[in-house]
Amino acid sequence: MERLLVRDCLCDPVVRVLEEERPDYASANLPLYAVFRDSTTTGAFCGLVAPQDIIQHPNWIFADLTEHRECLSVGPTAEVRRAMTLMNQQGLEALAVLDGPNFVGAVSRQSILETLLKRERLLLLQSRRLNRSLETERNRIRSWSDKLARLHEASRSLLTVLKHTSLQNDLFETGIDALTRLLEARYGAIGILDEAGKLSHFVYTGISPELAQRIGQFPQGKGLLGVVIQDNVSLRLADLSTHPSSSGFPAHHPPMKSLLAVPISHQGHVYGRIYLCDKENGEPFSANDEELALSFAYSLSLILDNAREIEEVKQARKSLNYMAHFDALTGLPNRTLLKDRFEQAISHAHRSKEKVGVLFLDLDNFKVVNDTIGHTSGDALLRAVASRIGQCLRDGDTAARLGGDEFIVMLPDLSEVQDAAKVAGKILESLHSSFDIDRHEVFVSFSIGISVYPDDSKDMEGLLANADSAMYYAKKLGKNNYQFFTPEMNRTAQNYMKLEKHLRRAMEQGEIELYYQPQIDLATGKVICMEALIRWFSAELGAVPPGDFIPFAEESGLILPIGAWVLKTACAQAKLWETAGLAIRVAVNLSSRQFHQVQTAQHARHPLLDAVLDALDASGLPPALLELEITEGILMRQLDSTMEILNILKDIGVRISIDDFGTGYSSLSYLKRFPIDVLKIDKSFVNDITKDPNDKAIVSAITVMAQQLKLEVVAEGVESTAQMTYLRELRCNYVQGYFFSKPLATGQVLPFLRQSAAATD
Ligand SMILES: Nc1nc2c(ncn2[C@@H]2O[C@@H]3COP(=O)(O)O[C@H]4[C@@H](O)[C@H](n5cnc6c(=O)[nH]c(N)nc65)O[C@@H]4COP(=O)(O)O[C@H]3[C@H]2O)c(=O)[nH]1
């Protein structure tokens, strides 16, 4: 603070008077008088007169009063402190202030006090004002630092965005969010266009998703933002509603005033645009803002450009890869891809000991057809043919085109060579109906050659060459047929096809019958069971033994309808015997395929259980009169599910017997675990029982074990008295064989049963 000087504390007023004047004693407020000689302005200063001097000497004139007291003075630049000391020492109320001889004024305790108070008031005011401005400044600094922190944060996220080198989900969202914060805008959006010029990405910030949904995507194309995209320019408007291109806001859009829109472009290619509306402080966007937005848009365009390049390279690679592996005309794999798949198929088949079929297909007379309908239509025909081939194949099979009218079909995991013939047959059949090519009705056929890995060759070239020569043979034989490379396979396939064709018709044409062979109780000589044995008397093939067609029926699945028919017929027959007073069990053979059918959603029960229950229901035969014969092989496959089925059958009351016992390699422990009633000793042991001590020992062991396990034993294939005597010795319960009876036709059974009943009664 400045030092206080005397001149700053001068009394006001000091009344100038002449020596000879008399003070106005009666005046209520006596001032301080400065007394002069001759003139109050130019005369010599004589001294000061204070009010108390006048009050003490009421009748004195000013000259007396000045003489009465020594007049002390101070200079105007003296410090107030000095004036105060003087006044205190001399007991004075006031001092004259003289600049040399000249009177400047007077200073009193009062005037000094007032000045000090005034100064203090002033200082107080000043410090208040200062405090106020300090507060404002502090607030300003606080808001700036907040703002700086936010800007720092926004620019950091922006940098993170710009670090991206590829299109990622959060790129646009983080980007627009950071930019909007950086430029302190209320609303921001990025729109990216696809190749067709449609918005492929639209991300926004500053409005709720619900509102965005209602607004829809901000109009682009014609309005303000369209200008940005079409002309590849930026727009910065203080009031966008006044711009001639403004088409107004869509309904529900929050009203906006200032706009900054920049294109996202790179080397003339516009990827989209960014726009921001309304700055938070209400000011329009600045040139700096525009520069920042443009620089962000540029970085974004680099990322988009990079992504586009990567996509183009990917596409190019894809199409190169496609061209290298697929036939351009039909879209089928070409020779290269076929080779690849072939190698995989071979290594798999080698491990799993399966076969791979190769079909070489050549269109018959394609050249003539092509010349007739023209090459374009010829191409269309090849495409249509390829599609029909595809319809005949399963997943995992491969159809390929080698060129021209030559196609290859590869069938991996072939368990039987006949399956290859089946596919070839299916393909030939698929060409029976004509093709409609450019309003031409076109008929074509294939000649197909088949070779099989590993039988005909172990490599692709060898298999193709062999299939090719088989195809020529098929052509020679009159086209529209298939041929295997090896004659033996041809024969097998032909027999197979013939058998399948006939067997399918056999049931409808009543060629299938059941014969029945009795089982005799050795102790009583009574018939206790009749085994149903299937017979096929084919009109074309003659009598086909079950051993020839049952394996085939199993493989083709025909055993399922046949098996159901056998169950139904045998149960109905046994019911007739029961009705005739001869309650004899009937034994029915089951095939493994019947056990291992897939249970579909339509079946509440396993299909085999369905077939058994249907047969029992339809016939009314008591379940105890039905015996089901299964082999050891059936027991050993899918142990759990087989056990479940057998337990249910057992609960129903049906008997279970093990056929051909002793020929399998199964563990004997299953005999305890499964609900079995009867063991049927295979006829191969019975055959030589009288000559071979080993067979005798086996039969003996089986009967002893069966007795321990409380199972009954039937010996099959008994043909002589000697065999029967041995079996009796070995305490076998029942016997079956030509010695007693060959299998009987249905009509022969009742007379046989009656006769046997009469003989044993
Ligand atoms: N050498 C000789 N043979 C005798 C003698 N006694 C009976 N046989 C024959 O031995 C076979 C016994 O039937 P399997 O072991 O169940 O063997 C049956 C059975 O596994 C199967 N089979 C027969 N019918 C059916 C059927 O309806 N369904 C199923 N899944 N398989 C059946 O076909 C096999 C053969 O049946 P078949 O040819 O009828 O042959 C029958 C029968 O005629 C004999 O003293 N000496």
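Because the structure is a prediction, the values reported are computed rather than measured.

About the cut-offs
Residues numbered from 1 in each chain as written. Predicted model: local features only at pLDDT ≥ 70, side-chain atom pairs only at ≥ 80, totals over all residues. Helix = DSSP H or I, 4+ residues; strand = E, 2+ residues; numbered from the N terminus. Buried ≥ 20, exposed ≤ 12 C-beta atoms within 10 Å, placed from the backbone. Contact = placed C-beta atoms within 7 Å. Pairing = 2+ DSSP bridges. Axes fitted to C-alpha atoms, helices over the stretch in contact; angles between N-to-C directions. Core = buried A, V, L, I, M, F, W, Y, C linked by C-beta atoms within 7 Å. Parallel < 35°, antiparallel > 145°, perpendicular 65-115°, else oblique. Nonpolar A, V, L, I, M, F, W, Y, C, P; charged D, E, K, R; others polar. Expected span 1.5 Å × (residues − 1). Arc of directions from axis to C-beta. Near = placed C-beta within 6 Å. Left-handed = near helix turned anticlockwise from the far one by under 90°.

Caption draft 1: Fine view of the overall build of the protein. Helix and strand counts for the protein stand at 25 helices and 28 strands. Buried residues in the protein amount to 33% of all 761 residues. Pairs at least 24 apart in sequence give 61% of the contacts found in the protein among residues at least 6 apart.

Caption draft 2: Examining the sheet that holds strand β14 (residues 406-414) more closely. As summarised here, the arrangement of the five strands in space is β13-β14-β12-β17-β18, forming an open sheet in which the pairing is mixed. Taken across any chain shown, the strands that pair with only one partner, and hence form the sheet edges, are β13 (398-403) and β18 (482-484). Direction aside, the axes of adjacent strands within the sheet are offset by 20° on average.

Caption draft 3: Region of the structure containing the nonpolar core. Counting 71 residues, the largest nonpolar core has A570, C571, V586, V588, I681, A715 and V735 as the members making the most contacts within it. Here the element with the most residues in this core is helix α16 (residues 559-579); it accounts for eight residues. Contacts of C571, omitting those with residues within four sequence positions, involve V586, A615, L616, S619, L621 and L626.

Caption draft 4: Representation of the sheet that holds strand β6 (residues 102-108) within the structure. Strand order in the open sheet formed by three strands is β4-β5-β6, with mixed pairing between adjacent strands. Where the open sheet ends on each side, the last strands, each with one partner, are β4 (73-74) and β6. Bridge count for strand β5 (residues 94-99) against β6 is six bridges, and the pairing is antiparallel. In the sheet register, A94 faces β6, and the bridge partner there is S108.

Caption draft 5: Molecular detail of the pairing of strand β7 (residues 185-193). Pairing of β7 with strand β11 (residues 269-279), which is carried by seven bridges, proceeds in the antiparallel orientation. The residue of β11 that forms the bridge with I190 is I274. When β7 meets strand β8 (residues 199-205), the two strands line up antiparallel, connected through six bridges. Counterpart to G188 in the pairing with β8 is T205. Between β7 and β8, which pair antiparallel in sequence order, lie five residues; one of them, G197, sits at a positive phi of approximately 85°.

Caption draft 6: The arrangement of the pairing of β13 in detail. By the bridge criterion, five bridges tie β13 to β14 in an arrangement that is antiparallel. The residue of β14 that forms the bridge with A399 is V409.

Caption draft 7: Here's a closer look at the environment of S433. Note on placement: S433 falls in the loop between α12 (417-430) and β15 (435-437). With ten residues separating them along the chain, S433 and F443 place their C-alpha atoms 7.2 Å apart.

Caption draft 8: Broad picture of the packing of helix α14 (residues 487-508) against helix α15 (residues 546-556). Contact geometry for α14 and α15: axes closest at 11 Å, N-to-C directions at 85°. Here α14 is positioned roughly perpendicular relative to α15, judged by the angle of their axes. Along the contact surface, α14 presents L499, E500 and L503, while α15 presents F549, F552, A553 and S556. When grouped by side-chain class, the residues that make up the contact of α14 with α15 number five nonpolar, one polar and one charged.

Caption draft 9: Just unusual backbone geometry, in detail. A cis amide bond links D12 to the next residue, P13, at an omega of 0°. With respect to the helices, strands and loops of the structure, P13 is situated in the segment before β1 (14-18). Y453 connects to P454 through a cis peptide bond whose omega is 0°. For P454, the location among the structural elements is in the loop between β17 (446-453) and α13 (460-476). For D38, which is not glycine, the phi torsion reads 70° and is therefore positive.

Caption draft 10: Examining helix α18 (residues 607-619) more closely. For α18, built from 13 residues, the straight-helix expectation of 18 Å at 1.5 Å per residue is met to within 8% by its first-to-last C-alpha distance of 18 Å. Where α18 is concerned, the buried positions are L608, A611, V612, A615, L616 and S619. Along the axis of α18, the buried residues cluster in a sector spanning 125°; they form a single face. Within two residues after α18, G620 carries a phi angle of roughly 80°, on the positive side.

Caption draft 11: Structural context of the site of the ligand. Surrounding the ligand, one finds 21 residues, the nearest of these being I534, P546, N589, G737 and Y738. In terms of residue class, the shell around the ligand is built from ten nonpolar, six polar and five charged.

Caption draft 12: Quick look at the packing of α12 against α14. Two elements in contact, α12 and α14, have axes separated by 9 Å at closest approach and are oriented at 70°. As far as their axial angle goes, α14 and α12 are roughly perpendicular. In this structure, α12 crosses over α14, and the sense of that crossing is right-handed. Facing α12, whose interface residues are V417, Q418 and A421, α14 presents M489, T492, A493, Y496 and M497.

Caption draft 13: Representation of the environment of E578 within the structure. With respect to the helices, strands and loops of the structure, E578 is situated in helix α16. When the 18 C-beta atoms within 10 Å are taken as the criterion, E578 is described as partly exposed. Here the alpha-carbon distance between E578 and L621, two residues 43 residues apart in the chain, equals 8.2 Å. Setting aside residues no more than four positions away along its own chain, E578 makes contact with A583, L621 and L625.

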